[in-house]
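If you want the building blocks of each chain, they are given just below.
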Amino acid sequence: KEVSANTSQTGKASWYGSAFHGRRTSNGEVYDMRSVTAAHPTWPLPSYVRVTNLANGRSMIVRLNDRGPFHSDRIMDVSSRVADALDFKRMGTANIKVDYVKPVWQRDHDAKARHAP
């Protein structure tokens, strides 16, 4: 699914940790609960998104590498590390805003273009 850089969603996020640690994600990577990753139901994998906790304003760029969440009232699952950084792990869920940034491959392409002779 094509998603433009100005696409945003707001809703509830939850996190996943040790029960999934070491399992394969939807794009074939091994899930690491200490990584800065997340799951989204439809946006392209792998992609970068900015996740903002609306309760405290904390925000970070996260790499989408999995499908989920599988709860109808949530728009995203984040890794344990992301939930810690955005300060909602102990609460279990948070109201977030998620902004689509770009596909992962574009970053690699842009970096190579900047260093080309």
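Structure: see above.
Definitions and limits used
Residues numbered from 1 in each chain as written. Predicted model: local features only at pLDDT ≥ 70, side-chain atom pairs only at ≥ 80, totals over all residues. Heavy atoms only, no water. Helix = DSSP H or I, 4+ residues; strand = E, 2+ residues; numbered from the N terminus. Buried < 20%, exposed > 50% of the residue type's maximum accessible area, 1.4 Å probe, protein only. Contact = heavy atoms within 4.5 Å. Pairing = 2+ DSSP bridges. Axes fitted to C-alpha atoms, helices over the stretch in contact; angles between N-to-C directions.

Caption draft 1: Region of the structure containing the overall build of the chain. A tally of helices and strands in the chain yields two helices and six strands. The N-to-C order of helical and strand elements in the chain reads β-β-β-β-β-α-β-α. Buried positions account for 37% of the 117 residues belonging to the chain. Put simply, of all contacts in the chain between residues at least 6 apart along the chain, 72% involve residues at least 24 apart.

Caption draft 2: Local environment of the environment of Val3. With respect to the element layout, Val3 can be found in the segment before β1 (8-16). Assessed through its relative accessible area of 11%, Val3 is described here as buried.

Caption draft 3: Seen up close, the sheet that holds strand β4 (residues 59-66). With mixed pairing, the six strands of this closed barrel are ordered in space as β1-β5-β2-β4-β3-β6. The sheet shows a mean angle of 45 degrees between the axes of neighbouring strands, taken without regard to direction. Pairing of strand β2 (residues 37-39) with β4 involves three bridges; the strand directions are parallel. Within β4, the residue paired with Ala39 across the bridge is Asp66.

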